[in-house]
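Remarks on the overall topology
Here's the letter readout for the chains.
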Amino acid sequence: MGKLKKIPLYVWILLGMLLGVIWGLLAIKIGLKQFTLDWFSPWGTIFINLLKLVAIPLILVSLIKGISDLKDISSLSGMGLKTIALYIFTTVISISIGLVMVNLINPGSYFPPEKSQEYSEIYRMQVQTKQADASTYQDDGPLQFIVDIVPENMFGAAANNANMLQIIFIALLIGIAMILIPEKQVSPFKKLIDSLNDIVLKLIDIVMKFAPIGVFALLADVIVSVAGENPGDTAALFSALGMYAIVVVLGLMIMVFVVYPVVISSFTKLKFFQFLRGIFPAQLLAFSTSSSAATLPVTKQCVENNLGVDEEVSSFVLPIGATINMDGTSLYQAIAAVFIAQAYGLDLSFSQQITIIITATLASIGSAAVPGAGMVMLVIVLTSVHLPIEGIALIFAMDRPLDMLRTTVNITGDSAVATIINKLQKNSKNRNLNQLPIL
Ligand code: ASP
């Protein structure tokens, strides 16, 4: 028993994932698909709900604590600008990589034309739902995203997980007000926030004890839902969409193994494998849940405990990242849009590809950090370059596995930026200290 306790949690999570895949495949073979959906899948949902449950209190409490501990407000605006700049920079790089790869490899030319009619019929309903979901975003004015950040009711904002930016805004306001009030008046509230912070952290520990079972259920669910009853389906699917999937996976790997190491080593002394090892548990969860928002509590713990990122940095940079920085999603959106054009035999001009860079950046910012959200926003990218929206039927069947991978990249990008901002903040703090007059 003592020995079992020493096994690190991520090993249990990996084991849970492996058993989930094995069970899923077995369930398809011995006809227990419905049994799995009825009796196992709910545990996956419960696990995701538990993670989401702690996300809002975590951001609120840790960000208020982080900001109120700051000595001056100007370092906050500096941190904000650097964070946004780095997020946009990595997103544009990832879309550009996606575009270069999809143009070079031309996966659309491997797509059998007769399949497009078949897929359109199978996925007609799903395409319509995605289209309807996307239309709510398309009608928005240019400044709507700022209006959306400012809530009209604090408790209303806290009642919806999709309102992550509103929660950040409220925490910023409260934190700033606390800096501006004399210490004596705020100290009781500070103590309360400190103790709430400890409670929320303990809650995450408790929820994570359930992680191996949660990921087992999630993966078993994915296997039985995606693979279907006939293993032949999967083979046929792979022959039609295999090249497209390979291009997305290659692009995501370039982000993880080339772009992030270069960016991290340009700003910090952190070894890349140390970085990967530090965020590995969060990557496993992102992969299993397909949701950056649900993974957020664990991403935050990983960068703080394993990579030494300060709480005031991680509680600011990561929730913003989970909401607006989706390198994996934007890369996928760019590749998917061009793949659909190729499969329909439509040529995209250079200016249309530039339009894809701009709209995929905005679309990934607008994508919610939940499973499948990237595909809803893909509708907007397709519309911007006049591609048929029905094209998403072609890639529907492959979406879930690719979502798992792109979500993993999304949180890897957030963590990379958090480590860099941490270093930049430390440098600027040291500079300020060095500039103090020697008494
Ligand atoms: N599932 C992704 C995330 O949560 C978003 C997406 O690409 O669908 O980061």
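Rules and cut-offs
- Residues numbered from 1 in each chain as written.
- Predicted model: local features only at pLDDT ≥ 70, side-chain atom pairs only at ≥ 80, totals over all residues.
- Heavy atoms only, no water.
- Phe/Tyr/Trp six-rings, centres within 6.5 Å; stacked < 30°, edge-to-face > 60°.
- Helix = DSSP H or I, 4+ residues; strand = E, 2+ residues; numbered from the N terminus.
- Buried < 20%, exposed > 50% of the residue type's maximum accessible area, 1.4 Å probe, protein only.
- Lys NZ or Arg CZ within 6 Å of the ring centre and 35° of its normal.
- Salt bridge = Lys/Arg side-chain N within 4 Å of Asp/Glu carboxyl O.
- Patch = residues over 30% accessible without salt bridge, like charges linked within 9 Å, V, L, I, M, F, W, Y side chains within 5 Å.
- Areas by Shrake-Rupley, 256 points an atom, 1.4 Å probe, with all protein chains shown as cover.
- Arc of directions from axis to C-beta.
- Near = heavy atom within 4 Å.
- Polar contact = N/O pair within 3.5 Å; in protein donor to acceptor, adjacent residues only side chain to side chain.

Two numbers describe a pair of aromatic rings. These are the distance of the centres and the angle of the planes. Applying the stated criterion across every chain, the model contains nine aromatic pairs. Ring centres 6.0 Å apart and planes at 70° place the aromatic pair Phe47 and Phe210 in the edge-to-face group. One end of the pair, Phe47, is in helix H4 (residues 41-69); the other, Phe210, is in the loop between helix H11 (183-209) and helix H12 (211-227), with 163 residues separating them in the sequence. This pair shows no difference in class: Phe47 is buried, exactly as Phe210 is. Grouped by ring-pair contacts, the aromatic residues Trp23, Phe35, Phe40 and Phe216 constitute a single cluster. Taking the ring centre of Tyr332 as reference, the NZ or CZ of Arg406 above it sits at 3.9 Å.

On inspection of all chains with the given rule, the structure shows seven salt bridges. A salt bridge links Asp205 to Lys202; the shortest N-O distance between them is 3.6 Å. Remark: Lys202 and Asp205 occur in helix H11; sequence separation between them is three residues, near one turn of the helix. The salt bridge partner of Asp399 is Arg406, with a shortest N-O separation of 3.2 Å. Several salt bridges converge on common partners, so that one network encompasses Lys300, Glu304 and Glu311.

This part covers unusual backbone geometry. Of note, Asn106 is a non-glycine position whose phi angle comes to about 50°, a positive value. The residue Asn106 is located in the loop between helix H5 (74-105) and helix H6 (113-122) in this model. A relative accessible area of 30% places Asn106 in the partly exposed class.

Attention shifts here to the environment of Asp69. Take Asp69: it is sitting in helix H4. Its relative accessible area of 35% is what places Asp69 among the partly exposed residues. Residues Asp69 and Ile179, 110 residues apart in the sequence, show an inter-C-alpha distance of 7.8 Å.

On the surface, Phe189, Leu192, Leu196, Ile199, Leu203 and Ile206 cluster together to form a nonpolar patch covering roughly 510 Å² of accessible area. Relative to the assigned elements, Phe189 resides in helix H11.

Given 3.6 residues per turn, any residue in an α-helix points the same way as the ones three and four places further on. Regarding H6, the residues found buried are Lys115, Ser116, Tyr119 and Ser120. All buried residues of H6 lie within an arc of 135° about the axis, which places them on one face of the element. In H6, the exposed positions that point more than 90 degrees away from the buried face belong to Glu114 and Gln117.

As a further point, take the site of the ligand. The full set close to the ligand counts 15 residues, and Ser292, Thr329, Gly374, Asp403 and Arg406 are the nearest of them. Ala373 has a polar backbone atom sitting 3.1 Å from an oxygen atom of the ligand. One of the side-chain N or O atoms of Arg406 is found 2.6 Å from an oxygen atom in the ligand. Taking 270 Å² as the accessible area of the ligand by itself, protein coverage stands at 100%. Of all the secondary-structure elements, those providing two or more residues to the shell around the ligand are helix H19 (373-384) and helix H21 (399-435). Sort the elements by how many residues they give to the shell around the ligand and H21 lands first, with four residues.

Note that Ser315 resides in helix H16 (residues 311-324). Residue Ser315 is classed as buried on the basis of its relative accessible area, which comes to 1%. Separated by 3.4 Å, the side chain of Ser315 and the backbone oxygen of Ser62 make a polar contact.

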